[in-house]
Amino acid sequence: YEIDQGRDVPEEYVVKGWKYALYDAMNQEAFFTEDSDLCSGVTESCLAAKSKYEGSACDNPVNPMDLEEIVCDGRTVDRKLRAFMLEFENTAEFEVYFATHGPTSLSTGRN
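Attention here is on the structure that accompanies the text. In this text, all values refer to a predicted model and were calculated from it rather than measured experimentally.

For the rest of this paragraph, the subject is the overall build of the protein chain. Check the secondary structure of the protein chain and you find 0 helices and 8 strands. Listing each helix as α and each strand as β along the protein chain from the N terminus yields β-β-β-β-β-β-β-β. Relative to the 2.2 N^0.38 estimate, which gives 13 Å for 111 residues, the radius of gyration of the protein chain is 14 Å and therefore close to what a compact globule would have. Projected onto the principal axes, the alpha-carbon positions of the protein chain cover approximately 40 × 35 × 25 Å. The 111 residues of the protein chain split such that 34% are buried. Summing over all exposed atoms, the protein chain offers an accessible surface of approximately 7200 Å²; the carbon and sulfur share of this is 48%. Distance between charge centroids for the protein chain: 4 Å, based on 10 positive and 22 negative side chains.

Structural data, given as structure tokens:
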């Protein structure tokens, strides 16, 4: 997944039940944690991710193996810092919670 936000519309993900997780917890582009209020009471693995910075359609990755730094709308974006990857093992299904929070008066959504 790639996580960023529109103007005043942050994104939030919570994913449960994964075996391995790959993300950069120390980066400044997005917030990642396995210890979140959103994961309280969950007995399986749980990752919460929240956007910190604005993104555009032009910085969305097309190939998960190509998360290089790019220039998009005049901004340099390191896409790997806004991405996380999860691996599931012997799993037929898993839960993903996705939310956007922002003013209800917005006329645009997230891409």
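A word on a nonpolar patch on the surface. A cluster of nonpolar side chains, contributed by Phe94, Val96 and Phe98, occupies part of the molecular surface with about 260 Å² of accessible area. Turning to its location among the elements, Phe94 is positioned in the loop between β7 (85-87) and β8 (95-100).

Cut-offs and rules
- Within each chain, residues carry numbers counting from 1 in the order of the written sequence.
- Only residues with pLDDT of 70 or above have their local features reported here, since the model is predicted, and side-chain atom pairs are shown and tallied only from 80 upward, although totals for entire chains, interfaces and linings are computed over all residues.
- Just so you know, side-chain values use all the structure's heavy atoms and leave hydrogens and water out.
- Runs of E in the DSSP output that reach at least two residues are strands. Runs of H or I that reach at least four are helices, and both are numbered from the N terminus.
- Our radius of gyration is a C-alpha quantity, and the globule rule it is checked against amounts to 2.2 Å times the number of residues to the power 0.38.
- Relative accessibility decides the category of a residue: with a 1.4 Å probe and only protein chains considered, values under 20% of the type maximum give buried, values over 50% give exposed, and everything between is partly exposed.
- Working definition of accessibility: Shrake-Rupley area with a 1.4 Å probe, residue cover restricted to the visible protein chains.
- Charge counting treats Lys and Arg as positive and Asp and Glu as negative, with His and both chain ends excluded.
- A charge is said to be at NZ when it belongs to Lys, at CZ for Arg, at CG for Asp and at CD for Glu.
- Patches here: salt-bridge-free residues with over 30% relative accessible area, like charges joined within 9 Å, nonpolar side chains (Val, Leu, Ile, Met, Phe, Trp, Tyr) joined within 5 Å.
- Should a side-chain nitrogen of Lys or Arg be within 4 Å of a carboxyl oxygen of Asp or Glu, the pair is scored as a salt bridge.

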